[in-house]
Amino acid sequence: MKKQDYTTSIMVDATAHEAFKSINSVTKWWTENLEGSSQKLNDEFTVRFGDVHVSKQKLVEVIPDKKIVWLVTDSRLNFVEDEHEWTKTKISFEIEEKGGKTQIHFTHLGLVPEVECYDGCRKGWNQYIKGSLFKLLTEGKGKPGLK
């Protein structure tokens, strides 16, 4: 049986370039508590959500206006037994213009139903992708750090 990585998509009334730029503006939709840079290939950044979640990402694939992939190089989630569940997973954003709109296809590779944080992390990503990133692209303001 194939592992089912968490995935979701949003369709926005924005260009692929606007979507690409917004995804890279992590502090505008995921968390304002960011150290490092999230703009170009090999950039590294750390995000913190209090003492609940700290993770370090490295941009390992960047195709302007088409795709961004982050490798989680370190993580600590204090609400699961294996605090490093996210370490060595990948977070992927694929961008495609369709009929005057742009689709963002999000996948967290390695976030599968078999891991303890799947339900909580799936709910969190739903809020950040379908809520905050969507609002950033459609209303001009996301909700970074939301719970």
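Whatever comes next refers back to the structure up there.
Note that the coordinates shown come from a computational prediction; the quantities given were computed from them, not determined experimentally. (Residues numbered from 1 in each chain as written. Predicted model: local features only at pLDDT ≥ 70, side-chain atom pairs only at ≥ 80, totals over all residues. Heavy atoms only, no water.)

Draft legend 1. Inspection of the layout of surface pockets at higher detail. Within this model, the largest pocket holds a volume of roughly 300 Å³. In terms of residues, the lining of the largest pocket owes the most to one element, helix α2 (residues 118–139), which gives six residues. Among the residues forming the lining of the largest pocket, the class breakdown is 10 nonpolar, four polar and one charged. (1 Å grid on protein atoms, 1.4 Å probe; cavity = no way out; pocket = protein on both sides within 12 Å on 5 of 7 lines; lining within 4 Å. Points joined across faces, edges and corners; volume = space filled by probe spheres on them. Helix = DSSP H or I, 4+ residues; strand = E, 2+ residues; numbered from the N terminus. Nonpolar A, V, L, I, M, F, W, Y, C, P; charged D, E, K, R; others polar.)

Draft legend 2. Broad picture of the pattern of salt bridges. Following the criterion strictly, the structure yields five salt bridges and no others. Taking the shortest distance from any N to any O, the salt bridge between Glu-35 and Arg-48 comes out at 3.7 Å. Taken together, the residues span a long stretch of sequence, with Glu-35 in strand β2 (residues 34–36) and Arg-48 in strand β3 (residues 44–49) at a distance of 13 residues. Note on Glu-35: relative accessible area 45%, which makes it partly exposed. When the shortest N-O distance is used, the salt bridge between Glu-139 and Lys-135 registers 3.7 Å. A residue pair is termed a helical-turn pair when its members lie 3 or 4 positions apart in one helix, as Glu-139 and Lys-135 do in helix α2 at four residues. Since its relative accessible area comes to 57%, Glu-139 is described here as exposed. (Salt bridge = Lys/Arg side-chain N within 4 Å of Asp/Glu carboxyl O. Buried < 20%, exposed > 50% of the residue type's maximum accessible area, 1.4 Å probe, protein only.)

Draft legend 3. Seen up close, α2. Between its first and last C-alpha atoms α2 spans 29 Å; for 22 residues at 1.5 Å apiece the expected length is 32 Å, and the two agree. At Tyr-128, α2 is deflected by roughly 25°, the largest bend along its length. Along α2, the residues that are buried comprise Tyr-118, Cys-121, Gly-124, Trp-125, Tyr-128, Ile-129, Ser-132, Leu-133, Leu-136 and Leu-137. On its buried face, α2 sits against β1 (6–12), α1 (16–24), β3, β6 (90–98) and β7 (101–109). Downstream of α2 by a residue or two, Gly-140 has a phi angle that is positive, lying close to 90°. (Expected span 1.5 Å × (residues − 1). Bend = angle between axes of the 7 residues up to and from the residue. Contact = heavy atoms within 4.5 Å.)

Draft legend 4. Local environment of the packing of α1 against α2. As a packed pair, α1 and α2 sit with axes 10 Å apart at the nearest point and diverge in direction by 130°. Compared by their axis directions, α1 and α2 come out oblique. Judged by the twist between their axes, the crossing of α1 over α2 is right-handed. Contacts between α1 and α2 involve Glu-18, Ala-19, Ser-22 and Ile-23 from the first element and Leu-133, Leu-136 and Leu-137 from the second. Considered class by class, the residues forming the contact of α1 with α2 number five nonpolar, one polar and one charged. (Axes fitted to C-alpha atoms, helices over the stretch in contact; angles between N-to-C directions. Parallel < 35°, antiparallel > 145°, perpendicular 65-115°, else oblique. Left-handed = near helix turned anticlockwise from the far one by under 90°.)

Draft legend 5. The arrangement of the environment of Arg-48 in detail. Exposure remark for Arg-48: the relative accessible area of 32% places this residue in the partly exposed category. In sequence terms Arg-48 and Glu-32 are 16 residues apart; their C-alpha atoms lie 8.6 Å from each other. Excluding its chain neighbours within four sequence positions, the residues that come into contact with Arg-48 are Thr-31, Asn-33, Glu-35, His-53 and Val-54.

This is a description of form; function is not addressed.
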